[in-house]
Amino acid sequence: GNSVTQMEGPVTLSEEAFLTINCTYTATGYPSLFWYVQYPGEGLQLLLKATKADDKGSNKGFEATYRKKTTSFHLEKGSVQVSDSAVYFCAPHFYNQGGKLIFGQGTELSVKP
Amino acid sequence: DVKVTQSSRYLVKRTGEKVFLECVQDMDHENMFWYRQDPGLGLRLIYFSYDVKMKEKGDIPEGYSVSREKKERFSLILESASTNQTSMYLCASGDPTEAFFGQGTRLTVV
């Protein structure tokens, strides 16, 4: 069946460090891929997305590339800030299953000054 | 401004009660979703709907049912609330390019 696996957290980094959060998925088709972010006390917001192989999504300095061969969509940022502290969710969206949207378990990021 | 509105932010119910969680969206989306969010488990899909009166089970449908009589409204029903259903419940609506979330309902069953 379809599933998604994210790197376990929590991840603690110093400000200006490089960030990678791994995400891999299993799927019978080719889903669109999303990263959502949840800041403390808030709901989920779309961070970035990619709809086909080799697409790169980017927003607020974050990037992720749709890798069909490795079924991965790793999130990266070159220099994190304290304000990036949040929980990050990887989410494939399966059109061929009526639009089913599933989420990884979330990775908590804490950035220290 | 797009909106997904959940009827309550906080709810306290007793074991055995029938509980209704309501969600309304104003974006004319066909797809709507209910998730529960628990520490260490992320978001788990309970049910989703891709059209009026259509529903599909997610990964953890047991103990829940849903209703979609109108396109803009998707209700989650706990037929007989139990303490293990204490959680944060999140509603979302979406199209193939994005899903939008409500603020969540924190349900406590005592």
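One can find the structure itself at the top, above this paragraph.
Report on the accompanying structure.

## A short note on the pattern of salt bridges
Residue and element names in this part refer to chain B.
- Across all of its chains, the model carries 9 salt bridges over all chains by this definition.
- Its salt-bridge partner being Glu 79, residue Lys 18 comes within 3.6 Å of it at the nearest N-O pair. With Lys 18 in the loop between strand E2 (10-13) and strand E3 (19-21) and Glu 79 in the loop between strand E9 (73-78) and strand E10 (87-95), this residue pair connects regions lying 61 residues apart in the sequence.
- By relative accessible area, which is 41% here, Glu 79 ends up partly exposed.
- The residue Asp 28 makes a salt bridge to Lys 71 at a minimum N-O spacing of 3.2 Å. Taken together, the positions of Asp 28 in the loop between strand E4 (23-25) and strand E5 (31-38) and Lys 71 in the loop between strand E8 (64-70) and E9 put the pair 43 residues apart, joining distant regions of the chain.
- Taking relative accessible area as the criterion, Asp 28 reaches 56% and is therefore assigned exposed.
- A relative accessible area of 25% means that Lys 71 is categorised as partly exposed.

## Focus on the layout of surface pockets
- When its volume is computed, the largest pocket comes out at roughly 570 Å³.
- Taken together, 28 residues form the lining of the largest pocket, with Gln38(A), Val87(A), Gln37(B), Met88(B) and Arg106(B) sitting closest to its centre.
- Contributing elements (two or more residues each) for the lining of the largest pocket: strand E10 (86-94) and strand E12 (107-112) of chain A together with E5 and E10 of chain B.
- Among the residues forming the lining of the largest pocket, the class breakdown is 11 nonpolar, 12 polar and 5 charged.

Basis of the calculations
- Residues numbered from 1 in each chain as written.
- Chains lettered and ligands numbered in written order.
- Predicted model: local features only at pLDDT ≥ 70, side-chain atom pairs only at ≥ 80, totals over all residues.
- Heavy atoms only, no water.
- Salt bridge = Lys/Arg side-chain N within 4 Å of Asp/Glu carboxyl O.
- Helix = DSSP H or I, 4+ residues; strand = E, 2+ residues; numbered from the N terminus.
- Buried < 20%, exposed > 50% of the residue type's maximum accessible area, 1.4 Å probe, protein only.
- 1 Å grid on protein atoms, 1.4 Å probe; cavity = no way out; pocket = protein on both sides within 12 Å on 5 of 7 lines; lining within 4 Å.
- Points joined across faces, edges and corners; volume = space filled by probe spheres on them.
- Nonpolar A, V, L, I, M, F, W, Y, C, P; charged D, E, K, R; others polar.

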